Amino acid sequence: MARTKKAEAPELDRDVWEYLTYAPGRTCFACSQTVEPLDPVRRGVIDRVSGAPTVIYRHDKCPKPQAVAA
């Protein structure tokens with residue numbers, strides 16, 4: 001019987017963001033705060049293991065999320 005390939009967690013290239021926009025009511029990927037109506041945010045997309053890619057937003061002024069040390 002053939003073995004299936006183990007699914008790997010998606011990686012996000014945190015330096016690649018599509019464009020600057022406004023997304024009131026969404027949650028910032030970096031700080032988990034709600035985006036206010038006039039807060040500029042960066043739009044990005046991450047691939048998921050099971051399903052279509054997901055759109056994410058990050059405040060323009062938020063620092064990049066730090067990698068977690070194991």
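Above this text you will find the structure in question.
Here is what the cut-offs are and how they apply
- Residues numbered from 1 in each chain as written.
- Predicted model: local features only at pLDDT ≥ 70, side-chain atom pairs only at ≥ 80, totals over all residues.
- Heavy atoms only, no water.
- Helix = DSSP H or I, 4+ residues; strand = E, 2+ residues; numbered from the N terminus.
- Buried < 20%, exposed > 50% of the residue type's maximum accessible area, 1.4 Å probe, protein only.
- Contact = heavy atoms within 4.5 Å.
- Areas by Shrake-Rupley, 256 points an atom, 1.4 Å probe, with all protein chains shown as cover.
- Pairing = 2+ DSSP bridges.
- Axes fitted to C-alpha atoms, helices over the stretch in contact; angles between N-to-C directions.

Draft legend 1. Representation of the overall build of the protein chain. The number of helices and strands found in the protein chain is zero helices and three strands. Listed N to C, the secondary structure of the protein chain is β-β-β in terms of helices and strands. In the protein chain, which comprises 70 residues, the share counted as buried stands at 20%. By sequence separation, contacts in the protein chain at least 24 residues apart represent 42% of the contacts at least 6 residues apart. Counting only carbon and sulfur atoms, one obtains 51% of the accessible surface of the protein chain, whose full area is about 5,800 Å².

Draft legend 2. Main features of the pairing of strand 2 (residues 40-46). For strand 1 (residues 19-22) and strand 2, the ladder comprises four bridges, and the chain directions are antiparallel. Paired with Tyr22 across the strands is Pro40, a residue of strand 2. Note that strand 2 and strand 3 (residues 54-59) share six bridges and pair antiparallel. Directly across from Val45, in strand 3, lies its bridge partner Val55.

Draft legend 3. Up close: the environment of Gln33. With respect to the helices, strands and loops of the structure, Gln33 is situated in the loop between strand 1 and strand 2. Since its relative accessible area comes to 48%, Gln33 is described here as partly exposed. Separated by 26 residues in sequence, Gln33 and His59 place their C-alpha atoms 9.0 Å apart. In contact with Gln33, not counting residues within four places along its chain, are Arg26, Thr27, Cys28 and His59.

Draft legend 4. Inspection of the sheet that holds strand 2 at higher detail. Taken in spatial order, the three strands make up an open sheet running 1-2-3, and their pairing is antiparallel. With one partner strand each, in any of the chains shown, strand 1 and strand 3 form the two edges of the open sheet. Strand-to-strand twist in this sheet, taken as the mean axis angle between neighbours without regard to direction, amounts to 45 degrees.

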